[in-house]
Amino acid sequence: MAVPARTCGASRPGPAQTACPWPGCGPQSGPGARRPASGPPRPLWLLLSPLLLLPLLAAPGASAYSFPQQHTMQHWARRLEQEVDGVMRIFGGVQQLREIYKDNRNLFEVQENEPQKLVEKVAGDIESLLDRKVQALKRLADAAENFQKAHRWQDNIKEEDIVYYDAKADAELDDPESEDVERGSKASTLRLDFIEDPNFKNKVNYSYTAVQIPTDIYKGSTVILNELNWTEALENVFMENRRQDPTLLWQVFGSATGVTRYYPATPWRAPKKIDLYDVRRRPWYIQGASSPKDMVIIVDVSGSVSGLTLKLMKTSVCEMLDTLSDDDYVNVASFNEKAQPVSCFTHLVQANVRNKKVFKEAVQGMVAKGTTGYKAGFEYAFDQLQNSNITRANCNKMIMMFTDGGEDRVQDVFEKYNWPNRTVRVFTFSVGQHNYDVTPLQWMACANKGYYFEIPSIGAIRINTQEYLDVLGRPMVLAGKEAKQVQWTNVYEDALGLGLVVTGTLPVFNLTQDGPGEKKNQLILGVMGIDVALNDIKRLTPNYTLGANGYVFAIDLNGYVLLHPNLKPQTTNFREPVTLDFLDAELEDENKEEIRRSMIDGNKGHKQIRTLVKSLDERYIDEVTRNYTWVPIRSTNYSLGLVLPPYSTFYLQANLSDQILQVKLPISKLKDFEFLLPSSFESEGHVFIAPREYCKDLNASDNNTEFLKNFIELMEKVTPDSKQCNNFLLHNLILDTGITQQLVERVWRDQDLNTYSLLAVFAATDGGITRVFPNKAAEDWTENPEPFNASFYRRSLDNHGYVFKPPHQDALLRPLELENDTVGILVSTAVELSLGRRTLRPAVVGVKLDLEAWAEKFKVLASNRTHQDQPQQCGPNSHCEMDCEVNNEDLLCVLIDDGGFLVLSNQNHQWDQVGRFFSEVDANLMLALYNNSFYTRKESYDYQAACAPQPPGNLGAAPRGVFVPTVADFLNLAWWTSAAAWSLFQQLLYGLIYHSWFQADPAEAEGSPETRESSCVMKQTQYYFGSVNASYNAIIDCGNCSRLFHAQRLTNTNLLFVVAEKPLCSQCEAGRLLQKETHSDGPEQCELVQRPRYRRGPHICFDYNATEDTSDCGRGASFPPSLGVLVSLQLLLLLGLPPRPQPQVLVHASRRL
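Residues numbered from 1 in each chain as written. Predicted model: local features only at pLDDT ≥ 70, side-chain atom pairs only at ≥ 80, totals over all residues. Heavy atoms only, no water.

Student: I tried to follow the overall build of the protein chain on my own but got confused; where do I start?
Tutor: Each helix and strand in the protein chain was counted, giving 35 helices and 40 strands. When the 1153 residues of the protein chain are sorted by exposure, 59% land in the buried category. Counting contacts in the protein chain only where the partners sit at least 6 residues apart, residues at least 24 apart contribute 74% of the total. Carbon and sulfur atoms make up 48% of the accessible area of the protein chain, which amounts to about 48300 Å² in all. (Helix = DSSP H or I, 4+ residues; strand = E, 2+ residues; numbered from the N terminus. Buried < 20%, exposed > 50% of the residue type's maximum accessible area, 1.4 Å probe, protein only. Contact = heavy atoms within 4.5 Å. Areas by Shrake-Rupley, 256 points an atom, 1.4 Å probe, with all protein chains shown as cover.)

Have a look at this one:
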């Protein structure tokens, strides 16, 4: 049959306004092209007169077929709508299921979710839970202060005098190269037996505490041994706390000396590489040890700072940034003759994970040149701290200066900006080995209530970049009881495997005095912490009464979620908190910004909004109505919210009759239980039960068949009113088993599914039942057995009408294998039940279409057949319209769902592409649909994704970040006696002992396998129906050729019916829309900080006390290189006998208590 020939050399007449989906073809090109502000392009029939339309549809002297007219395609659309509606009415059984519910009205009650009462109750329960932990914290902190005050310092204490359980002992014994094994110092270490405890997800011993000491601190030092001596008494307090509250998890004392004592005892999680864990760098310790900080870091990059010294500074700045939390604000600048920020941040920014990453990357680009100008650096820092037009911590203010030395004291700068009140503390760091006079650096720190530190080598960085916290803790200690306030942290990953937790923290103060009548000691002893697992808080929230799309969430003062169904980090780094903002956990809009602000301010509120939500499989966007209700959680910094769809205001609660309950028989004897038994599946359909915690003794399993078996076995022993079971869940499950069985009996069993080309029919309920009929269809059932976690179930509740769900196909995977497998398309709809004035949606029903059969049926329904079994015939002299059956070689007909995924096509070669994003099937047609507003795009970022590790970029053999001397250096005798050589030897020694320290990132050093995935940001793009809701014609103009297309939404479905000429020109393929998730750096941080999200800092601040003694401000220590030592070290290296020096105990002298 002849069809009008179309070539790339002749363009067809068309309207002036066309969809232009490729670069360079007109003013609206590219994926981002949108319609003019005046509105969408007008339909073709409004633009063209009949005289113009005639040659467009049938070229004279050519074929007898023309592109179908609009009314013809609307007729096809109505036939498709009627066919779908007819099948669903016959097999879906919506009306029949409503009648079944009403017939069984005596078996259930309708309960109401009252949002305000619900959220207040849950908030009160959480408050009570946390208050019990607060009481335990206070007992611990008081006891610790009293134990330390009563302790008598021992100068001659020895390792063998102290007996304790070293948490790392077992790992060190397994390491033959361990320093402690060689020295035989295990005599003082206990060997314990452990039992598995599911609450801790670990093996524990409840009779002892465990001690963890950082690798770079010498266990045998006098300070550490005295610390171990007095903290041993905490063991009894830990145990008494557990006796009073058996639900307590880890109880921890983190000492300012670096010692961690925790209860109950458990072996330390030994990493595969060097263990860099130091409690003083944990987020909970930093939060408890000081008030929020505004910090400006200035780095000397003058010409004298070169090579190794500059590398030490870069590392020091990165380590300093790791001591900051999300309550802090920071900026980093470099200076020589003038100062400038190292990054794009021109003012203080929140010290969150992403901002710190920007700083760390920028610091690596610092280059040394010019002369030292302390004045420029300090003036820049003071100007930053005085800027009041930005969001900041407004508490501790400090300047951290890293330099190799200098003579200028810049007293005039301090007089101008900081004296006499000295509201800004100055900390100075002398970096590298040099012979400069350090007196000016000491003076700067001492004159400005700060501290002077020396960082001669890599080994001193970690300890000396965190000791400043002791100074910031002074006002807290001097404030006494006023500062003894419990704070609750962000969510973070527990280092001992407990999972996601929050921690209550309380500082522990030194109550001793240096002598009779002397001033009070102003040292912080450490921080007490008690963990609360997020799962324990979740258990206090209603699970199944809120429906599939209702949920509870909680946020902190930063707007970060504590609870949220979308808080699902794929991978966690326990060095950093899990900081997912509420506006990133959901799709951001103005209403949610207002709700977030109100919650942060501690207000109560309620608001109904229209908003966008992602589907569970993150392929679709739905516009829905949600009711938000929120209240503060008293005595905490948290606020709790409840989200309910209007249809979840009411829910069903099974009410098994008194007659059944009075019969004290196992549940297996109840009337409807028999329909859960596999023996009934052949006649009643296969039943999947949601893997919920129906009873405490029910063994969980990922295999639903096995879970059902475990459930049935337990029910043989359990009575309906058993105290060990959740009667709400259990009774609703039994109720829905009977309800869905009656649907089989009344509707499904007597129908022939093959007549309508159906693979299966199904029903899923709030009670946790998914019944699939016939039984054999269960073999290909891939949906989640938990309806609340099934995408089709949740979307059906949120959408009116019939929701089509094609099989999920990734563009990178092979196409569907239709020959060897029957592919089905789910069509589902919610069952809306009205009982009086109460409306709810307790179930979803649907069918599974046979793809191949329905593709053939689709062709027939979108054809011009006048008889069921005979296609239209078109004579040579008559004019006929093309249709989707006869002219499938020239006419493309497709059904696309609301996410842009192909559902059905009249092209046989596209059947194996069903489920793919349509841009992968026909790029320029999908782009035209987007440009003509049939689809709208939503882009967002997933901050919880996991990505494969990147291959290492350092190809050389030298440790990363270590200065490598040149041949000229080796030949220069002066170099061998220089500070650079001495520092290099120190690093080589560290490298020999801890070779992985320099070669791994901190996360790897903590023990992550090299193949472990790391957290990353992924950009997500979803499409959903736009504003066009009517029938619509348009032309895709491809320059020298064009395509007509027609698009129309199918009523009461999530489908778009599209008819288009098949493309002939290859240049029409340009401009492909992307839908798949892609790796991203996230939104531009430099732009985001210009419009920071609303937040509030902690309500308390301790940054000043008039009685503070600032005389202890650091002392310099000369560290000249010794030629004899250098020669000895060189000989040892040449002989292959690397020395094992004792790690330095880098603890303040004032720690001697």
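So much for the structure itself; the text now carries on.
Student: Before we go on, may I ask you to explain the nonpolar core in this structure?
Tutor: Nonpolar side chains tend to gather and get buried jointly when the protein is soluble and globular. Core analysis: the biggest nonpolar cluster contains 97 residues, and Leu929, Tyr935, Phe1045 and Phe1057 have the highest contact counts within it. When residues of this core are assigned to their parent elements, the largest contribution, 8 residues, is made by helix α3 (residues 70-92). Discounting residues that sit within four places of it in the chain, Phe1057 has contacts with Met73, Trp76, Ala77, Leu80, Phe858, Ala862, Val894, Leu895, His1046, Ala1047, Gln1048 and Leu1050. (Core = buried A, V, L, I, M, F, W, Y, C linked by side-chain atoms within 4.5 Å.)

Student: Would you explain empty space enclosed by the protein in this entry?
Tutor: One water molecule sets the probe size; rolling that probe over the atoms shows where empty space is left. Enumeration according to the criterion identifies 16 cavities of 30 Å³ or more in this entry. One number sums up the size of the second largest cavity: a volume of about 230 Å³. Contributing to the lining of the second largest cavity are 24 residues, with Tyr544, Tyr651, Leu652, Asp766 and Pro842 lying nearest its centre. Breaking the lining of the second largest cavity down by element, the ones donating at least two residues are β25 (650-654), α25 (727-748) and β31 (838-850). The element best represented in the lining of the second largest cavity is α25, accounting for 5 residues. (1 Å grid on protein atoms, 1.4 Å probe; cavity = no way out; pocket = protein on both sides within 12 Å on 5 of 7 lines; lining within 4 Å. Points joined across faces, edges and corners; volume = space filled by probe spheres on them.)

Student: Looking at this structure, how should I read the sheet that holds strand β40 (residues 1078-1080)?
Tutor: For sheets, the rule is that strands pair by backbone hydrogen bonds, running either parallel or antiparallel. Reading across the sheet, the 3 strands line up as β35-β36-β40 and stay open at both edges, with antiparallel pairing between neighbours. This sheet does not close on itself; its edge strands, each paired only once, are β35 (935-947) and β40. The average undirected angle you get between the axes of adjacent strands in this sheet is 35°. Of the strand pairs in this sheet, strand β36 (residues 1014-1025) and β40 are connected by 3 bridges, and their pairing is antiparallel. Note that in β40 the partner of Lys1019 across the bridge is Thr1078. Contacting β35 and β36, helix α28 (residues 923-931) runs over the sheet at an angle of about 110° to β35. (Pairing = 2+ DSSP bridges. Axes fitted to C-alpha atoms, helices over the stretch in contact; angles between N-to-C directions.)

Student: Please explain helix α27 (residues 851-861) as it appears in this structure.
Tutor: Every α-helix winds through 3.6 residues per turn, so residues three or four apart in the chain are directed the same way. Every buried residue belonging to α27 is among Leu851, Trp854, Ala855, Lys857, Phe858, Lys859 and Leu861, and all of these are buried. Taking the backbone nitrogen of Glu852 as reference, a side-chain oxygen 3.2 Å away marks Asp850 as the first, capping residue of α27. (Polar contact = N/O pair within 3.5 Å; in protein donor to acceptor, adjacent residues only side chain to side chain.)

Student: Is there a simple way to think about the sheet that holds strand β22 (residues 605-614) in this case?
Tutor: The strand order across the open sheet built from 5 strands is β20-β19-β24-β23-β22, with neighbouring strands paired in antiparallel fashion. This sheet does not close on itself; its edge strands, each paired only once, are β20 (561-563) and β22. Recorded for the sheet is a direction-independent mean angle of 35° between the axes of neighbouring strands. One ladder, built from 5 bridges, connects strand β19 (residues 551-555) with strand β24 (residues 639-644); its direction is antiparallel. Directly across from Ile555, in β24, lies its bridge partner Ser639. Sitting on the sheet, helix α21 (residues 590-600) is in contact with β19, β22, β23 (621-632) and β24, with an inclination near 135° to β22.

Student: Just to check I follow, could you spell out helix α15 (residues 439-446) for this structure?
Tutor: All of the buried residues in α15 are Pro440, Leu441, Gln442, Met444 and Ala445. Where α15 is buried, its residues contact α13 (374-386), β12 (396-403), α14 (411-417), β13 (424-431) and β14 (451-455).

Student: What is the right way to read the packing of helix α5 (residues 115-150) against helix α9 (residues 234-244) from this model?
Tutor: To characterise two packed helices, one gives the angle between the axes of the helices and the distance between these axes. Two numbers describe how α5 lies on α9: the axes approach to 10 Å, and their chain directions differ by 165°. With respect to their mutual orientation, α5 and α9 come out roughly antiparallel. The handedness of the crossing between α5 and α9 is right-handed. Along its contact with α5, which presents Ala136, Arg139, Leu140, Ala143, Ala144 and Phe147, the element α9 presents Leu234, Val237, Phe238, Asn241 and Gln244. Considering only residue class, the contact of α5 with α9 consists of 8 nonpolar, 2 polar and 1 charged. (Parallel < 35°, antiparallel > 145°, perpendicular 65-115°, else oblique. Left-handed = near helix turned anticlockwise from the far one by under 90°. Nonpolar A, V, L, I, M, F, W, Y, C, P; charged D, E, K, R; others polar.)

Student: I tried to follow the state of the cysteines on my own but got confused; where do I start?
Tutor: Cysteine pairs can be covalently joined through their sulfur atoms, and such a bond is termed a disulfide. On inspection of all chains with the given rule, the structure shows 6 disulfides. One disulfide in the model links Cys344 with Cys1086; its S-S distance is 1.6 Å. An S-S torsion of about -75° defines the bridge between Cys344 and Cys1086 as left-handed. Taken together, the residues Cys344 in the loop between β10 (339-341) and β11 (349-350) and Cys1086 in helix α34 (residues 1085-1088) connect sequence positions 742 residues apart. (Disulfide = S-S within 2.5 Å.)

Student: It is not clear to me how a negative patch on the surface should be interpreted in this structure. Could you clarify?
Tutor: Together, Glu361, Asp1081, Glu1084 and Glu1087 give the surface a local cluster of negative charge. Positionally, Glu1087 belongs in helix α34. Residue classification places Glu1087 among the partly exposed residues on the basis of a relative accessible area of 47%. (Patch = residues over 30% accessible without salt bridge, like charges linked within 9 Å, V, L, I, M, F, W, Y side chains within 5 Å. Salt bridge = Lys/Arg side-chain N within 4 Å of Asp/Glu carboxyl O. Lys, Arg positive; Asp, Glu negative; His and termini not counted. Charge placed at Lys NZ, Arg CZ, Asp CG, Glu CD.)

Student: I keep staring at the pattern of salt bridges and nothing clicks. Help me out?
Tutor: Oppositely charged side chains are able to pair whenever their charged atoms sit close together. Inspection of every chain in the model, using the stated rule, returns 41 salt bridges. The salt bridge involving Asp584 is made with Arg1093; its shortest N-O contact spans 3.0 Å. Within this pair, whereas Asp584 is found in helix α20 (residues 582-585), its partner Arg1093 is found in the loop between α34 and α35 (1123-1134), the two being separated by 509 residues in sequence. Residue Arg626 pairs with Asp798 through a salt bridge whose shortest N-O separation is 2.8 Å. Of this pair, Arg626 sits in strand β23 while Asp798 sits in helix α26 (residues 791-798); the two residues are 172 residues apart in sequence, bridging distant segments of the chain. There is no split in this pair, since Arg626 and Asp798 are both buried. Several salt bridges converge on common partners, so that one network encompasses Asp581, Asp584, Glu588, Arg596 and Arg1093.

Student: What is the right way to read the side chain of Gln907 from this model?
Tutor: By secondary structure assignment, the location of Gln907 is in the loop between β34 (902-905) and α28. With relative accessibility at 4%, the residue Gln907 sits in the buried group. Engagement of the side chain of Gln907 in a polar contact is seen with the side chain of Asn906, the distance being 2.9 Å. Here Gln907 is in contact with Asn888, Leu891, Leu892 and Lys1062, once residues within four sequence places are set aside.

Student: Sorry, what's going on with the environment of Tyr436 here?
Tutor: Checked against the element boundaries, Tyr436 lands in the loop between β13 and α15. Residue Tyr436 is classed as partly exposed on the basis of its relative accessible area, which comes to 41%. Along the chain, Tyr436 and Gly406 lie 30 residues apart, while their C-alpha atoms are 7.1 Å from each other. When neighbours within four sequence positions are excluded, Tyr436 is seen to be in contact with Ser304, Asp404 and Gly405.

Student: Looking at this structure, how should I read unusual backbone geometry?
Tutor: Excluding glycine, a negative phi dihedral is what most residues carry, and trans is how most peptide bonds are arranged. For the peptide bond that leads from Tyr263 to Pro264, omega is -5°, which places it in the cis range. Inspection of the secondary structure puts Pro264 in the loop between β7 (260-263) and α10 (283-289). In this structure, the amide linkage connecting Phe773 to the following residue, Pro774, adopts the cis form with an omega of 0°. Note on placement: Pro774 falls in the loop between β28 (769-773) and α26. Non-glycine residue Ser635 carries a positive phi angle of around 70°. Mapped onto the elements of the fold, Ser635 is located in the loop between β23 and β24. Phi is positive for Ser933, which is not a glycine, with a value near 70°.

Student: How should I be thinking about the confidence of the model for the protein chain in this particular structure?
Tutor: Detailed reading of the predicted model is not advised wherever pLDDT is low. Scored by pLDDT, the protein chain comes out at a mean of 83, with 79% of its residues at no less than 70. Low pLDDT, under 50, characterises residues 989-1011; the predicted model gives this stretch 58 contacts beyond four residues in sequence or across chains. (pLDDT = per-residue confidence, 0-100.)

Student: It is not clear to me how the packing of helix α11 (residues 308-321) against helix α12 (residues 353-363) should be interpreted in this structure. Could you clarify?
Tutor: For the pair α11 and α12, the least separation of the axes is 9 Å and the interaxial angle reads 175°. When the axis of α11 is compared with that of α12, the two are roughly antiparallel. Only Lys356, Phe359, Lys360 and Val363 of α12 make contact with α11, whose side of the interface consists of Lys314, Val317, Cys318 and Leu321. For the contact of α11 with α12, the residue count by class is 5 nonpolar, no polar and 3 charged.

Student: Is there a simple way to think about the pairing of β23 in this case?
Tutor: Where a strand is regular, its side chains alternate between the two sheet faces. Within β23, 10 of the 12 residues are buried, leaving the element largely enclosed by the surrounding structure. Where β22 and β23 come together, 10 bridges link them in antiparallel fashion. Note that in β23 the partner of His606 across the bridge is Thr629. Relative to β24, β23 runs antiparallel, the two sharing 6 bridges. Its bridge partner lying in β24, Thr629 is registered against Leu642. In sequence, β23 turns back onto β24 through a hairpin of 6 residues, with Ser635 there showing a positive phi of about 70°.

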